[in-house]
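A look at the structure
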Amino acid sequence: ILDDYVIWPAGVSEKIINFTLNKPSLVRINIVSIRSGSSANYTGSLSPGPRSISFTKQFVENTDVVARTEIAFTQLDLLDTLIRPYANKCETSNLPSIHTESGFYHFARDDMAVSVQDANNWRPKTMHFQVLEESLIYVRVEFEFLLSDFLIVLSGSLPAPIRGRNGWNTNEINTVLAPGIYDLTLYLTYGLPATLPYCPQYSLHILIAPAGHSLCTSSQLIMLPWDLNDNSGGSAGIGGPMKDNYVAITASGVYLFKKQNVYTPLSMDFEVSATSYMAVFTSLEQLWRTIEYELYPVSNSSAVTPIAEIEGEQHIALYKLTVSRPTKFRLKFIPDIFIDYQCPFFGLKLIIAPTSYIKTHTTCVGKGSFALPRKDVYIPEGQPYEENLEIAGFTPETFRQYSNSSGHLSYAIKFYVLEEYNIDVQISFNMVSNLFIATLESPPYFSLSGTYEPPNPSLPGGIVVHHLQATISPGNYTLFIRQDPINLGVEKPCFPFTWSFAMAPTDLPVVRSVEPSGGDFSVGYDLEIEIQFAFPVYNSSHHLITRTPESEALIASAFILSSDHDNVTPSSVRPPLLPSEDDYTFWVLRFPWAQFRVNTPYTLKLKPNSVFDSRSRDIKLLYTHVYRILLSTEIPPVVHTPTISPEHSHFGTFLIYFGSITVFLAIGVCLIIFIWRRWKKPDYETKLDAEGESLVARMEEREKDRDNTAIELVETQGTTEDAPETSGGDLIKMDFKDDKDEDLSLIHI
């Protein structure tokens, strides 16, 4: 039960909520003053029977009282059934090491947890850090109201510790720090009895930047790694750190900092001990302009010139790093952006590989003959067309055949259509050796080039996808595969790629695009597949499928990845990441990598009679899309998937986890009778050591000095389990006062 603003106007003194419990249940209540931010909580167990909650205002007759309330119930037996099988299946997450050498720091992770053992014996966890200049800091911990309660405290070079401010399922700090040394401490402020073993899950977000910069608190973004060789350099979890001169990292969203609408350059360092190649790709679909690169050895700042480059909103550059001894390089990212966005970010894919890797991936020995796409395509009127080549490529001979004297490749595919068609072309390749683009032309006026898909963590190594989509009118067309000259220093190189070319009349009820269209993917990363329908789709009741939980469940149930041995179903469905006008035609399916058999082909299938067009025609998946999860020694396995997930919601989040019985419910839950622990002091104080108790005392003194003032929680009749029955039910008195003479006084249960 959620109410953003519970208001007692002048002359109104009481609000009552009536309910009946059929089984013994836990109840939790939270009240937050809108004016002061002070809060009070109640957790207790209730026996079956009719109940009422009475919120009473006292003393003030001419002042409105405004507060937010949250009330939640759960049955004890159901709670126990849900959490007990999973109680020992979670581990306590390590808190991050905060590095502020550059002045900036960003950490966001949504899958943090506390083990059952640690939850029952929690000790405060502290992160130490230093800022060298006046800085902004924003910290937020998010948790499920029914399952746990966390507190963050900032101490150190401060007159007094700063305690996090409570919100809906959150505790957060937003302040300015002077230069100095600080401690950020996380408290788990209550735990369930041992009879209800649980492990709370939470998310943690930390942002630090020099004063004057704008901060965005999105959990979908990460900070640019600052050292690719160091285990704590920021690349762990996205592919790093570097080993044997090899690293491949991918991040869907890297945070951009800005000061007075000027975006701040970012940099990362790395060291190679032998001649290597580096390819870096940044994608700025969210913004206009581009991100420029500067690469230079740290010792002399002499810029390294790329051997190949594609510039624009999507910027790819390929470098050769010629060294004879260990050499540290610095790669600088310089945003060339003039539009102000609240949460600016860019996608990043970067690969550094030794010469031996390049030779292995470009040699023709042992690869046999590569196929090439058909050069002349015949498309019967009204019929779809498809061509998929899992192993395509140019040999030295075919590359020379279709290149001019300066080495510019241009391979032409000709076709003719008699009616309006949707066309979809995808080329997948390793950007450390190839830089293909696809272009569609129809002289004299029509010319369209594809774009690179945003960096996808599930694509292994340096694999990227160039994607061309268009709706074309009747006429003659030529589809070109092009590449500028690339001198890799390899004798007679081959240039492999994966090819997908699909077309269908615009009126056919089909899935228009599947990206990626197929291929091999990294173990350790969930496989995300973006589906695009040709037009908005409907369910069997002819209701438009929109962004609702019911629609997401329908889309998730409609698609499967099928092998000869088993099926894999999506674990989640979401809209695309980048903002655009939503017509409900794009859907992103996430398939959990742990459910795949390694090196086993899985084919994407759309179940018949699942989704329909506006004329109630069954939508079909016409083309073949095959995926494999590979365990490759060239690509270090990474088990953490950097996710971009929806922001937590309070009770709604609990219902989602409750309904799916995910590990989140599996690891945690619910209410604790801690009213008796607040008889004389806050509940978190009972779990602190001597140093923690001193800290809490200082925090409380600071609270008294604030004009927000204090909360006093008084229990008048013992715990709800022991209280005698009265005509008004069990009585819990919650005095809620501030210096403005508000009194959200009594809560009667």
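Description of the structure in this document. In this text, all values refer to a predicted model and were calculated from it rather than measured experimentally.

Some thoughts on the overall build of the protein chain
Assigned secondary structure in the protein chain consists of 8 helices and 48 strands. Out of the 749 residues belonging to the protein chain, those deemed buried represent 55%. Put simply, 78% of the contacts in the protein chain that link residues at least 6 apart link residues at least 24 apart. Counting only carbon and sulfur atoms, one obtains 50% of the accessible surface of the protein chain, whose full area is about 31800 Å².

Notes on helix H5 (residues 549-558)
Of the residues making up H5, those classed as buried are Ser551, Ile555, Ala556 and Ala558. What you see down the axis of H5 is that its buried residues fit within an arc of 165°, all on one side. Opposite the packed face of H5, turned more than 90 degrees from it, sit the exposed residues Pro549 and Glu550. Looking at the buried side of H5, the elements it contacts are strand S39 (527-533), strand S40 (559-562), strand S42 (572-574), strand S43 (586-591) and strand S44 (602-606).

Quick notes on the packing of aromatic side chains
With the rule as written, the count across this model stands at 29 aromatic pairs. Taking 6.4 Å as the distance between ring centres and 45° as the angle between the ring planes, the aromatic pair formed by Phe533 and Phe559 counts as tilted. Residue Phe533 is found in strand S39, and its partner Phe559 is found in strand S40; the two are separated by 26 residues along the sequence. Their ring planes at 80° and their centres at 4.9 Å tell us that Phe596 and Tyr602 sit as a pair that is edge-to-face. Given the relative accessible area of 8%, Phe596 is considered buried. Residue class for Tyr602 comes out buried when judged on its relative accessible area of 0%. Three or more aromatic residues joined by ring pairs make a cluster, and in this case those are Phe281, Phe394, Phe399, Tyr402, Tyr411, Phe429, Phe436, Tyr452, Phe495 and Phe497. The ring centre of Tyr411 lies 4.5 Å from the NZ or CZ of Lys375, which sits over that ring. A cation sits over an aromatic face here: Arg547 above Trp587, 4.1 Å from the ring centre.

Details of the sheet that holds strand S15 (residues 201-210)
Strand order across the open sheet formed by 5 strands is S7-S15-S9-S13-S12, with antiparallel pairing between neighbours. Strands with a single pairing partner mark the edges of an open sheet, and in this sheet they are strand S7 (105-113) and strand S12 (165-167). Taken over all neighbouring pairs, the strand axes of this sheet differ in orientation by 15° on average, direction set aside.

Examining helix H1 (residues 76-83)
Looking only at H1, the buried set comprises Leu79, Leu82 and Ile83. Seen end-on, H1 carries its buried residues on one side only, within an arc spanning 85°.

What to know about unusual backbone geometry
A cis amide bond links Gly240 to the next residue, Pro241, at an omega of 0°. Following the sequence through the fold, Pro241 ends up in the loop between strand S16 (213-214) and strand S17 (247-255). Going from Pro443 to Pro444, the amide bond is cis rather than trans, its omega being 5°. Looking at the secondary structure, you find Pro444 in the loop between strand S31 (437-442) and strand S32 (446-449). The phi angle at Asp244 is positive, at roughly 55°, despite the residue not being glycine. On the secondary structure map, Asp244 appears in the loop between S16 and S17. According to the relative accessible area criterion, Asp244 is exposed, its value standing at 65%. We note that Asn609 has phi near 55°; this positive angle belongs to a residue other than glycine. Of note, Asn609 is situated in the loop between S44 and strand S45 (626-630).

Section: the nonpolar core
Among the nonpolar cores identified, the biggest contains 76 residues, and Phe270 and Leu350 are the most heavily contacted of them. Examining the composition of this core, we find that 6 residues originate from one element, S15, more than from any other. Beyond its immediate sequence surroundings of up to four residues, Phe270 is in contact with Leu228, Asn229, Met242, Met278, Leu295, Leu321, Thr327, Lys328, Phe329, Leu331 and Ile352. Ranked by size, the runner-up nonpolar core spans 52 residues in total, among them Ile427, Leu468, Ile481 and Phe501.

Looking at the state of the cysteines
Applying the stated rule across the entire model yields 1 disulfide. Two residues share a disulfide in this structure: Cys90 and Cys199, whose sulfurs sit 2.0 Å from each other. On the criterion of sequence distance, the pair formed by Cys90 in the loop between H1 and S7 and Cys199 in the loop between strand S14 (180-188) and S15 is long-range, its members being 109 residues apart. Judged by relative accessible area, which is 12%, Cys90 ranks as buried. Using a relative accessible area of 0% as the deciding quantity, one classes Cys199 as buried.

A word on the sheet that holds S40
Strand order in this open sheet of 5 strands is S38-S45-S44-S40-S41, and the pairing throughout is mixed. Among the strands making up the open sheet, the edge pair consists of strand S38 (519-522) and strand S41 (567-568). By the bridge criterion, 4 bridges tie S38 to S45 in an arrangement that is parallel. Counterpart to Ser522 in the pairing with S45 is Leu630. The strands that H5 touches are S40 and S44; relative to S40, the one it contacts most, it runs at about 25°.

Looking at the pairing of strand S26 (residues 345-354)
With 10 of 10 residues buried, S26 is to be regarded as a mostly interior element. What you see with S26 is no split at all: Phe345, Gly347, Lys349, Ile351 and Ala353 on one side and Phe346, Leu348, Leu350, Ile352 and Pro354 on the other are buried throughout. In the sheet, S17 pairs with S26 via 7 bridges, with the strands oriented antiparallel. Within the sheet, the bridge partner assigned to Ile249 lies in S26 and is Leu350.

Some thoughts on the environment of Ile358
Considering the arrangement of structural elements, one finds Ile358 in helix H3 (residues 355-362). Separated by 82 residues in sequence, Ile358 and Ser276 place their C-alpha atoms 8.7 Å apart. Sequence-distant contacts of Ile358, that is, excluding residues within four places in its chain, are made with Tyr277, Val432, Leu488 and Val490.

Describing the environment of Ser232
Within the secondary structure layout, Ser232 lies in the loop between S16 and S17. The spacing of Ser232 and Ser97 is 135 residues in sequence and 7.4 Å in space, taken between C-alpha atoms. Beyond its immediate stretch of four places on either side in the chain, Ser232 contacts His99 and Trp226.

Thoughts on the side chain of Arg140
In this fold, Arg140 is placed in strand S9 (residues 135-143). Given a relative accessible area of 6%, Arg140 falls into the buried group. Among the polar contacts listed, one links the side chain of Arg140 to the side chain of Tyr138, at a separation of 3.0 Å.

A short note on the pattern of salt bridges
Across all of its chains, the model carries 16 salt bridges by this definition. One salt-bridge network, held together by shared partners, links Asp507, Asp613, Arg615 and Arg617.

About the cut-offs
Residues numbered from 1 in each chain as written. Predicted model: local features only at pLDDT ≥ 70, side-chain atom pairs only at ≥ 80, totals over all residues. Heavy atoms only, no water. Helix = DSSP H or I, 4+ residues; strand = E, 2+ residues; numbered from the N terminus. Buried < 20%, exposed > 50% of the residue type's maximum accessible area, 1.4 Å probe, protein only. Contact = heavy atoms within 4.5 Å. Areas by Shrake-Rupley, 256 points an atom, 1.4 Å probe, with all protein chains shown as cover. Arc of directions from axis to C-beta. Phe/Tyr/Trp six-rings, centres within 6.5 Å; stacked < 30°, edge-to-face > 60°. Lys NZ or Arg CZ within 6 Å of the ring centre and 35° of its normal. Pairing = 2+ DSSP bridges. Axes fitted to C-alpha atoms, helices over the stretch in contact; angles between N-to-C directions. Core = buried A, V, L, I, M, F, W, Y, C linked by side-chain atoms within 4.5 Å. Disulfide = S-S within 2.5 Å. Polar contact = N/O pair within 3.5 Å; in protein donor to acceptor, adjacent residues only side chain to side chain. Salt bridge = Lys/Arg side-chain N within 4 Å of Asp/Glu carboxyl O.

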